[in-house]
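Read off the chains here:
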Amino acid sequence: MNEQRYKMKIDFAKNPDGLVPAIVQDAMTKNVLMLGYMNEEALKKTQETKKVTFYSRSKKRLWTKGEESGNFLNLIDVKVDCDNDTLLVSVKPEGPTCHTGSDTCWGGNNSSNFGFLSQLEETIRNRKEEAAKDSSLRRNDNSYVVSLFEKGINKIAQKVGEEAVETVIEAKDDNDDLFLYESADLLFHYLVLLQAKGFTLSDIENELQKRHR
């Protein structure tokens, strides 16, 4: 990280108090954890110690996040916005970020989100719960996913195997549309299998992270 480059680009003088907003984001999950303020001295200390340090407007001094709680924010990277007056600070957090004990200062969990795949995963989870209900209480009796859960783990695993074979077959041909179609089928049924086994995409992500180390 080039400290001099950030000094030259950040317009600390734009505000009379010499402070710029610092948006803190988890480098892995991309979730926004908190908002603080930095002056030039706070940024310099952050870069030197690799522990995110703010200027506390209430304490009127530099304040390293975690200096009392131990929940430090380990610096990964810093970026400056197009107006040169706001920082995006990427971090690896140690423990919860908010003083309330929450992962973020907005009360959310700092868990990975996979966009549409997470929405699809939630829908499959709801269908799993639906399948567990008495038939007279179900709202989606015609749901394909509900029918898979009703048939049990063996049928779900069989479908994953079938889709995997079809994906491999299409991979050996030159029809990209069919390959993507079968790949989507494979991923969909794999998400069903994960839910049937009581796991999620986040569990797979954690396993891959362990191997990456």
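Residues numbered from 1 in each chain as written. Predicted model: local features only at pLDDT ≥ 70, side-chain atom pairs only at ≥ 80, totals over all residues. Heavy atoms only, no water.

K.L.:
Which residues make up the layout of surface pockets, and what values do they have?
P.N.:
Counted as a void, the largest pocket has a volume near 430 Å³. Taken together, 17 residues line the largest pocket, and the ones lying closest to its centre are Asp26, Met28, Lys92, Gln209 and Arg213. Those elements that place two or more of their residues in the lining of the largest pocket are strand 6 (87-93) and helix 7 (201-212). When residues in the lining of the largest pocket are grouped by element, the largest group, five residues, is from helix 7. The class makeup of the residues in the lining of the largest pocket is five nonpolar, eight polar and four charged. (1 Å grid on protein atoms, 1.4 Å probe; cavity = no way out; pocket = protein on both sides within 12 Å on 5 of 7 lines; lining within 4 Å. Points joined across faces, edges and corners; volume = space filled by probe spheres on them. Helix = DSSP H or I, 4+ residues; strand = E, 2+ residues; numbered from the N terminus. Nonpolar A, V, L, I, M, F, W, Y, C, P; charged D, E, K, R; others polar.)

K.L.:
Let's hear about the nonpolar core: which residues, and what values?
P.N.:
Counting 18 residues, the largest nonpolar core has Val24, Met38, Leu87 and Val89 as the members making the most contacts within it. Of all the secondary-structure elements, those providing two or more residues to this core are strand 1 (20-26), strand 2 (32-38), helix 2 (40-49), strand 5 (73-80) and strand 6. Residues within four places of Val89 in sequence aside, it is in contact with Ala22, Ile23, Val24, Gln25, Met38, Val52, Leu75, Asp77 and Val78. With 14 residues, the next largest nonpolar core counts Val145, Val160, Leu191 and Val192 among its residues. (Core = buried A, V, L, I, M, F, W, Y, C linked by side-chain atoms within 4.5 Å. Buried < 20%, exposed > 50% of the residue type's maximum accessible area, 1.4 Å probe, protein only. Contact = heavy atoms within 4.5 Å.)

K.L.:
Describe the pattern of salt bridges, naming the residues involved and giving the relevant values.
P.N.:
Scanning the model with the defined rule gives 10 salt bridges in all. Between Glu94 and Lys51 there is a salt bridge; the shortest N-O distance is 3.4 Å. Placement of the pair is Glu94 in the loop between strand 6 and helix 3 (116-131) and Lys51 in the loop between helix 2 and strand 3 (53-56), with a sequence separation of 43 residues. Judged by its relative accessible area of 34%, Glu94 is partly exposed. Given the relative accessible area of 25%, Lys51 is considered partly exposed. Here the salt bridges do not stand alone but share partners, grouping Glu122, Arg125 and Glu129 into one network. (Salt bridge = Lys/Arg side-chain N within 4 Å of Asp/Glu carboxyl O.)

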